[in-house]
Amino acid sequence: MARPFFLPASSSDDHSSQEDESDSPRRRNHQRRRSQLASTPPSSFTFPFQAYPGNPDPLSYRDDLTRQNPSIPESPYKSFNGSYSLSNLHRIQDPPLPRASSTTTFRSPFQSPASRPSSYWSPPPLPPISASPSVVALPLPQKKPLTSTRLKSKLTKDDKPWLAKKRRCETASWWVTFLAMMLGILAAAALCFEGYKSVNILTDSQLCLVMQDDFTGSLDSDNWSLDVELGGYGNGEFEMTTDDPNNVYISNGQLYIMPTLTSDSIDGGYSAVMDGATYQLSGCTAGEGTDQGAWVQLARRQNDGNTTTTDSGNSTTTNSGNSTTTGGSGNSTTTGGSSNSTTTGSSNSTTSSNTTTVNPCTAVSSAQSGTVINPVMSGRLNTRGKQSIKYGRVEVRAKLPQGDWLWPAIWMLPQGNSTSGNSSGVYGPWPVSGEIDIMEARGNLPSYPAQGSNYVRSSLNYGPFAGGSTPISSGTTTIANLLKSVYGWVSTKRGNFASGFHVYAFEWTGEWMRFYMDDRLQAMINLNKISSKTSDSYFFNAGGFPGVAMNASSGKEVIVEDPWSTAFGGSAAAPFDQEFYLVIDLAVGGTSGWFPDSVGGKMWYDGSATAMRDFAAAQSTWSATWPSSADDRAFRIDYVKMWKLCGT
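Residues numbered from 1 in each chain as written. Predicted model: local features only at pLDDT ≥ 70, side-chain atom pairs only at ≥ 80, totals over all residues. Heavy atoms only, no water.

(A) Region of the structure containing the overall build of the chain. The helix and strand tally for the chain stands at 8 helices and 27 strands. When burial is assessed residue by residue, the chain has 46% of its 648 residues classed as buried. Residue pairs in contact within the chain that sit at least 24 positions apart in sequence constitute 74% of those at least 6 positions apart. Accessible area for the chain stands at about 33900 Å²; split by element, carbon and sulfur atoms hold 54% of it. (Helix = DSSP H or I, 4+ residues; strand = E, 2+ residues; numbered from the N terminus. Buried < 20%, exposed > 50% of the residue type's maximum accessible area, 1.4 Å probe, protein only. Contact = heavy atoms within 4.5 Å. Areas by Shrake-Rupley, 256 points an atom, 1.4 Å probe, with all protein chains shown as cover.)

Structure, rendered in structure tokens:
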């Protein structure tokens, strides 16, 4: 083992020699070095025992301690017998640490830094930091830009000879650019002006108020009449419309059209509805010239516009049509859609899917014959013979009902040639005189595949033949009634139209038509220009009717002529150039195709002779979807306003 450099060799070291016993110079040097080591602490030597400023000798505290044994050598590395041999070298045992009750204090090397003598080293103090960042962040020196070593001064025009004379092409290019910019600005202004002029708006100064009903009191008989019958109104509808105050009443300043179950109102209840009863509708108005209403064709009820179905009365309806849908921010609008459809039957007769009664005021239930009493009671109002307009505006603020197979509608039919109750119209029975549907909807939930309560629709319906003449289009085998439908819709992706009130409006002149909801930006149909009978905007030309058809009753071919060209002085807007009155109703079900077969759990087929009975048999299913609250189940009307064009 190597000996520390500051310890002399002992007698036990391996380095001892024969010279140790003689008084040689080497021996004397060893003795001198040993005496020096005995009186000099190790810290007096250089690294690693050198004491530095602020780092006192770690062994200096021994001078202050009372030595219990004077024989202990000074050097902490000596043995008790005075030998410096490495084999018996040990460290002197340190005194025990003082207890908490001891009065002995620690020496400075063991004190905390704050209590050490000031002679110890400490980092130099830093200047106080000011709140202003400019004191800490030294500003960068600003250097002046270097002067150009190539140009002594700014160039003059004489130094630029190419500017003395401009080339003609440069001048021409400048003027061409300027003129192009001006022409672009003028063209944009012209387009904006033409777009502004093309928006057809009826101002208040052009309109004269015809009717305003806010339903603050009882139903105003000067404006309204009630249709009371159970014949299905040409659509094979399953409800009977009554004048019962449970079905039509005013509450909280609103008109309520409330659907109720017939089984809750007649003797015998549900059993009487299904079998063995005869029901006579009190106050029936079917013999007073009541218009049975329009047949609603399947083409304008389907989204794809191309369908074939069997209608009531075992007839076939073939439809085709295209529509374009655009939408954003959760709303979509379809405008300009149209369809051509053909239907067999009379629009003013009871369909085979309804009851077998010949009188639309009486119903008989029979399990054997498959007939039932209409399972629902509802209401229908009209302004026929009281309030009508030819051109103007109609506004109805309403909240739609919620419930499967409910069919709310706001629409218009022609007034006729007189006020005697004739509702066939100027040009003939439906659909020759036309029909205007301001709003139609379904009460089914938005999940209903064929457009539920999150859709509302508008349409125009017309055709060259009356419902009873049943011509057949040449080249086909379908016995049908030629019918044209122009339709469109508005939809919402958030909620449905049964959750609140909306304004359904129709603006109408001899030159344009617009159907919209709430504001003109949500137009369902927008016919911008109806110019002349020779243009494509003329309704007969837009119908695309065939040139020849066949009368099914006579078997003879007939020419499909324009019924509005000369009759009663028809204009380019014919057949919608006559007086129309307003109809508001809440229907239920039907066999017209408004509710497509095999869609959304539909429990009847339009072509079935027992369609109404099949519907009534599932009463517990569909009635469970009708809200118990009258505010949610009823078709609620807040106000109705009608204006006409002043001077018409």
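(B) The arrangement of the sheet that holds strand β6 (residues 260-261) in detail. Ordered by their spatial adjacency, 3 strands build an open sheet running β3-β12-β6, and the pairing between neighbours is mixed. A single partner strand is all that each edge strand has here, and the edge strands are β3 (239-241) and β6. Inspection of the sheet shows β3 paired to strand β12 (residues 376-378) by 3 bridges, in the parallel sense. Bridge pairing links Thr-241 to Ser-378 in β12. (Pairing = 2+ DSSP bridges.)

(C) Local environment of the side chain of Thr-371. For Thr-371, the location among the structural elements is in the loop between β11 (362-365) and β12. Separated by 2.9 Å, the side chain of Thr-371 and the backbone oxygen of Val-364 make a polar contact. Within the structure, Thr-371 has its side chain in polar contact with the side chain of Ser-369 (distance 3.2 Å). (Polar contact = N/O pair within 3.5 Å; in protein donor to acceptor, adjacent residues only side chain to side chain.)

(D) A look at the state of the cysteines. Using the criterion set out here, one finds 2 disulfides in the structure. For Cys-208, the disulfide goes to Cys-646, at an S-S distance of 1.9 Å. Measuring the twist about the S-S bond at about 115 degrees, one finds the Cys-208-Cys-646 disulfide to be right-handed. Residue Cys-208 is found in strand β1 (residues 207-213), and its partner Cys-646 is found in the segment after β27 (635-645); the two are separated by 438 residues along the sequence. Disulfide pairing places Cys-284 opposite Cys-361 at an S-S distance of 1.7 Å. (Disulfide = S-S within 2.5 Å.)

(E) Highlighting unusual backbone geometry. In the segment running from Trp-430 into Pro-431, the intervening peptide bond is cis, with an omega of 5 degrees. For Pro-431, the location among the structural elements is in the loop between β16 (406-414) and β17 (435-440). Put simply, Ala-574 and Pro-575 share a cis peptide bond, and its omega is 5 degrees. With respect to the helices, strands and loops of the structure, Pro-575 is situated in the loop between β25 (557-559) and β26 (580-588). Of note, the phi angle at Tyr-233 is positive, near 55 degrees, even though the residue is not glycine. With respect to the helices, strands and loops of the structure, Tyr-233 is situated in the loop between β2 (225-226) and β3. Phi is positive for Trp-405, close to 70 degrees, though the residue is something other than glycine. Along the chain, Trp-405 turns up in the loop between β15 (392-399) and β16.

(F) The confidence of the model for the chain, seen in detail. With 65% of its residues at a pLDDT of at least 70, the chain reaches an overall mean of 76. Ignoring residues within four places in sequence, the model shows residues 77-92, a span with pLDDT below 50, making 39 contacts including any to other chains. Per-residue pLDDT stays below 50 along residues 100-104; that stretch engages in 1 contact with residues further than four places along the chain or on separate chains. (pLDDT = per-residue confidence, 0-100.)

(G) Summary view of a nonpolar patch on the surface. A grouping of Trp-174, Trp-175, Phe-178, Leu-179, Met-182 and Ile-185 is seen on the molecular surface, where their side chains present a nonpolar patch of about 650 Å² in accessible area. Secondary-structure assignment places Trp-175 in helix α3 (residues 168-198). Here Trp-175 falls in the partly exposed class, since its relative accessible area comes to 46%. (Patch = residues over 30% accessible without salt bridge, like charges linked within 9 Å, V, L, I, M, F, W, Y side chains within 5 Å. Salt bridge = Lys/Arg side-chain N within 4 Å of Asp/Glu carboxyl O.)

(H) Representation of the pattern of salt bridges. Under the counting rule described, the total for this entry stands at 10 salt bridges. Note that Glu-395 is salt-bridged to Arg-393, the shortest N-O span being 4.0 Å. Put simply, Asp-606 and Lys-602 hold a salt bridge, and the shortest N to O gap is 2.7 Å. For the pair formed by Asp-606 and Lys-602, the shared burial category is buried. Within this structure, Arg-393, Glu-395, Glu-507, Arg-514 and Arg-520 form a network of salt bridges that share partners.

(I) Representation of the pairing of β15 in the model. Most of β15 sits inside the fold, with 7 of its 8 residues counted as buried. Pairing of β15 with strand β21 (residues 502-508) involves 7 bridges; the strand directions are antiparallel. Within β21, the position partnered with Glu-395 by the bridge is Ala-505.

(J) Inspection of the pairing of strand β24 (residues 548-551) at higher detail. A one-sided burial pattern is seen for β24, the buried positions being Ala-549 and Asn-551 and the unburied ones Val-548 and Met-550. Sheet topology places β24 next to β25; 3 bridges connect them, and they run antiparallel. In the strand pairing of β25, Val-548 is matched with Ile-559.

(K) How the structure looks around the packing of aromatic side chains. Tallying each qualifying case throughout the model produces 30 aromatic pairs. When the ring of Trp-174 is compared with that of Phe-178, the centres are 5.7 Å apart and the planes differ by 5 degrees; the resulting orientation is stacked. Here the residue Trp-174 and the residue Phe-178 both occupy positions in helix α3, the gap between them amounting to 4 residues, near one helical turn. Classification of Trp-174 by relative accessible area gives exposed; the value is 52%. A connected cluster of aromatic rings, assembled from ring pairs, spans Tyr-391, Tyr-462, Phe-506, Trp-508, Phe-515, Phe-539, Phe-540, Phe-545, Trp-564, Phe-576 and Phe-580. The residue whose ring lies beneath Arg-442 is Trp-594, and the NZ or CZ to ring-centre distance is 3.8 Å. The side chain of Lys-641 reaches across the aromatic face of Tyr-639, ending 4.7 Å from its centre. (Phe/Tyr/Trp six-rings, centres within 6.5 Å; stacked < 30°, edge-to-face > 60°. Lys NZ or Arg CZ within 6 Å of the ring centre and 35° of its normal.)

(L) Representation of the environment of Gly-434 within the structure. Residue position: Gly-434 is located in the loop between β16 and β17. Separated by 142 residues in the primary sequence, Gly-434 and Phe-576 place their C-alpha atoms 6.6 Å from one another. In contact with Gly-434, not counting residues within four places along its chain, are Leu-413, Pro-414, Asn-461, Tyr-462, Pro-575, Phe-576 and Phe-580.

(M) Seen up close, the environment of Ile-257. With respect to the secondary-structure elements, Ile-257 resides in strand β5 (residues 254-257). Given a relative accessible area of 0%, Ile-257 falls into the buried group. The residues touching Ile-257, leaving out its near neighbours within four places in the chain, are Asn-247, Ser-378, Gly-379, Leu-381, Ile-584, Asp-585, Leu-586, Ala-634 and Phe-635.

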